[in-house]
Amino acid sequence: MDNFNRVKSVFPMLFIATLFSVPGFTQTGSTQQRIVVEGTNVEAVSTSSTDFAGEWVVINHEDQTERLPGSSIGDYLGIPFNEAGRMRAETYDLSEWSLPEFQCRPHPVPYQWRAQGSMRITKEIHPVTRELVAYHFAYTRSLDRPIYLDGREHPPEYAPHTWSGFSTAEFQGNTLVIKTTHLKESYFRRNGPTLSDEAKVTEWLLRHGDYLTVTTSIEDPTYLSEPLVQSVSFKWEPHTELEYFPCTVINENISDKVPHFLPGKNPFLKEFAEEEGLPYEST
């Protein structure tokens, strides 16, 4: 056999041996699966989970009123208030949005999912290991929200609280499970329902092709008697861009009064029940 034919016969065996001797990696998330190659003692480790990066638009038939005028005052259907939570909602005054310190506040977690506009998810990749360190979420009316996947711990209770809180996540199969703490006290609906700075939020993100379903659970020992669970869906839209949100603080109403109603003094609470023909107690 001449040298050329020897090379031709040896090369396929070398190539096959190389495949079985080097672990292969395909990284799209953080869930690891072991693949055992039959007939060998070699285990190849790969990661297999969904990639959420991209531009997303909300499917507007879900929670549509939250993306337009907001829910009516007094519409608290389905919210598991305790007594403190109900009193906080019923003493809410919509005119607080005219206060300069509130006009440009970002929508908090978890309301961001139900706010108007599109949403962008980007990936933060470690420059050396190329591992996924974090996802970054951005909404129309929000700050950057990092979601850490590198195993870091949540900060102590006395650490600062922010509109987006502090979020860590892990993949459970193809579902991204996010845990958020350290939230500022803020609204989870725009008609008065409030979450305290003790609230904890869990989010489950599941992608089905071009569709993304986000399920949220709010646990708040201050204002809720049990977890509040909601869901919302988005559609992947690579031909859109997250819009710029211009916000300028203005003096709409010059007043020396703090917007609020004393308990039992809100004159607008029964309007929703009357408009819908419902018993006031049920709302």
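Remember, it's a predicted structure, so these values are computed and weren't measured experimentally.

Conventions and cut-offs
Residues numbered from 1 in each chain as written. Predicted model: local features only at pLDDT ≥ 70, side-chain atom pairs only at ≥ 80, totals over all residues. Heavy atoms only, no water. Buried < 20%, exposed > 50% of the residue type's maximum accessible area, 1.4 Å probe, protein only. Helix = DSSP H or I, 4+ residues; strand = E, 2+ residues; numbered from the N terminus. Pairing = 2+ DSSP bridges. Disulfide = S-S within 2.5 Å.

Asks: Teacher, can you tell me more about the pairing of strand β6 (residues 145-148) here?
Replies: On a regular strand, one side chain projects to one face of the sheet and the next to the other, so that they alternate. Side chains Arg145 and Ile147 of β6 all project onto a buried face; the interleaved residues Pro146 and Tyr148 project onto the opposite face, where all are buried too. Linking strand β5 (residues 132-139) to β6, which pair antiparallel, is a turn of 5 residues. Bridging between β6 and strand β7 (residues 166-172) involves 2 bridges; their strand directions are parallel. From the neighbouring strand, Ile147 faces β7, where its bridge partner is Ser167.

Asks: How do you make sense of the state of the cysteines when you look at a structure like this?
Replies: Each disulfide consists of a covalent bond between the sulfur atoms of two cysteine residues. Following the criterion strictly, the structure yields 1 disulfide and no others. A disulfide bridge connects Cys104 with Cys247, and the sulfur atoms are separated by 1.8 Å. Its S-S torsion of about -100° marks the bond between Cys104 and Cys247 as left-handed, since a negative value means left-handed. Of this pair, Cys104 sits in the loop between α4 (100-103) and β4 (119-125) while Cys247 sits in the loop between β13 (228-236) and α5 (271-276), and the two are 143 residues apart along the sequence. Cys247 gets classed as partly exposed once you look at its relative accessible area, which sits at 31%.

Asks: What is the right way to look at unusual backbone geometry in this model?
Replies: Of all residues except glycine, most have a negative phi; of all peptide bonds, most are trans. Following Val109, the chain continues to Pro110 via a peptide bond in cis, the omega torsion being 5°. Within the element layout of this structure, Pro110 appears in the loop between α4 and β4. A positive phi angle is found at Arg130, which is not glycine, with a value near 60°. Turning to its location among the elements, Arg130 is positioned in the loop between β4 and β5. Its identity as a non-glycine residue notwithstanding, His182 has a phi of 60°, on the positive side. Locating His182 in the fold gives a position in the loop between β8 (175-181) and β9 (186-187).

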